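What follows is each chain in one-letter form.
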Amino acid sequence: MSSPCCISAVLLVFMGLAVGARAEQSEQSGERSCDVIGDKSSESQMERALLKKLEPLSQMRFNVTVEKGKTENYVYQFRVCREVNSTLQDFAGLVQTNRQNGKTTVIGRINETQVFNGSDWIMLIYKGGDSYGSHCSSEKRRAVIMISCKRGVTASSFSIVSEEREKEQDCFYLFEMDSSVACPAEDSHLSVGSILLITFASLIAVYIIGGFLYQRLVVGAKGMEQFPHFAFWQDLGNLVADGCDFVCRSKPRNAPAAYRGVGDDQLGEESEERDDHLLPM
């Protein structure tokens, strides 16, 4: 085998190993995300858009501890569209841990997700949790997380509100938190007139600066001649001044002036008498 062929073969082998290692690494480090209920072909576009909106929170972990006397001492762990413990591969998105005996209960799983929103809130629901024991008809647990709008805060104030388990069915755990991702897009405070004014001012600035540079560097103008189209604007200024004088004049044009200057018309006709006799002959 020739030298170029050997080099090509080695490069192909290294590229194959690199691609395989990258794929294996991404598979190991990659975390499963939320899967809304239903087939992919029938998934709601609105739910997909909301899940994408929640993506900035996916790398964060939230914990809250609840203590009620000596009987209840729990820690709740929650992640947005990610597994709390990716090594278990159990799709658990919200987990309850009993601090007394270490027992772990999955409240909701990310592979059974529902999400909807209002004007300034997003409701995230994880279904498919571990089954209840003696109440709620032994149905599966579910977690309801209310995410409220709070501008300037990525995420904060994660807490449990209540656990509804006194019903025959549709029991749930209710949580709440604040985040800016639930806020609606801010409307522009600039009016149409302001936008037009800013655009016009920007164009004027570009015209003056660009024209100045062109006159100075290309044409070689000096002084006031560096101003773009200086002669035109000078004539325009004179015309505007004449127009204002014509329009704003308060007296008729043929009215005599309030004062009389010293002119040729005030000197009168030249006297026929001359002072020739005073001159030497």
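Everything below is about the structure printed above this text.
These remarks concern the structure in this document. (Residues numbered from 1 in each chain as written. Predicted model: local features only at pLDDT ≥ 70, side-chain atom pairs only at ≥ 80, totals over all residues. Heavy atoms only, no water.)

## Considerations on the pairing of strand β5 (residues 121–128)
Item 1. Burial within β5 is extensive, with six of its eight residues counted as buried.
Item 2. In the sheet, strand β4 (residues 104–117) pairs with β5 via seven bridges, with the strands oriented antiparallel. Bridging across to β5, Val115 finds its partner in Leu124.
Item 3. Where β4 folds back onto β5 in an antiparallel hairpin, the turn is made up of three residues.
Item 4. The pairing of β5 with strand β6 (residues 143–149) spans six bridges and is antiparallel. Note that in β6 the partner of Ile125 across the bridge is Val144. (Buried < 20%, exposed > 50% of the residue type's maximum accessible area, 1.4 Å probe, protein only. Helix = DSSP H or I, 4+ residues; strand = E, 2+ residues; numbered from the N terminus. Pairing = 2+ DSSP bridges.)

## Some thoughts on the sheet that holds β5
Item 1. With mixed pairing, the eight strands of this open sheet are ordered in space as β1-β2-β3-β4-β5-β6-β8-β7. One side of each edge strand has no neighbouring strand; the edge strands of this open sheet are β1 (61–68) and β7 (156–164). For this sheet the average axis-to-axis angle between neighbouring strands, irrespective of direction, equals 25 degrees.
Item 2. Pairing geometry for β7 and strand β8 (residues 172–179), over six bridges, is antiparallel. Considered in β8, the bridge of Ser162 is made with Leu174. (Axes fitted to C-alpha atoms, helices over the stretch in contact; angles between N-to-C directions.)

## Topic: the pairing of β4
Item 1. One ladder, built from five bridges, connects strand β3 (residues 92–98) with β4; its direction is antiparallel. Looking across to β4, one finds that Leu94 is bridged to Gly108.
Item 2. Between β3 and β4, which pair antiparallel in sequence order, lie five residues; one of them, Gly102, sits at a positive phi of approximately 75 degrees.

## Examining the packing of aromatic side chains
Item 1. In this structure the tally under the stated criterion is ten aromatic pairs.
Item 2. Geometrically, the ring pair formed by Tyr76 and Phe175 is edge-to-face, given 5.4 Å between the ring centres and 70 degrees between the ring planes. Placement of Tyr76 in strand β2 (residues 72–79) and of Phe175 in strand β8 is noted, with a sequence separation of 99 residues between them. The same class applies to Tyr76 and to Phe175, which are both buried.
Item 3. Three or more aromatic residues joined by ring pairs form one cluster here, namely Phe62, Tyr74, Tyr76, Phe78, Tyr126, Phe158, Tyr173 and Phe175.
Item 4. Sitting above the plane of the Phe91 ring, Arg32 keeps its charged end 3.7 Å from the centroid. (Phe/Tyr/Trp six-rings, centres within 6.5 Å; stacked < 30°, edge-to-face > 60°. Lys NZ or Arg CZ within 6 Å of the ring centre and 35° of its normal.)

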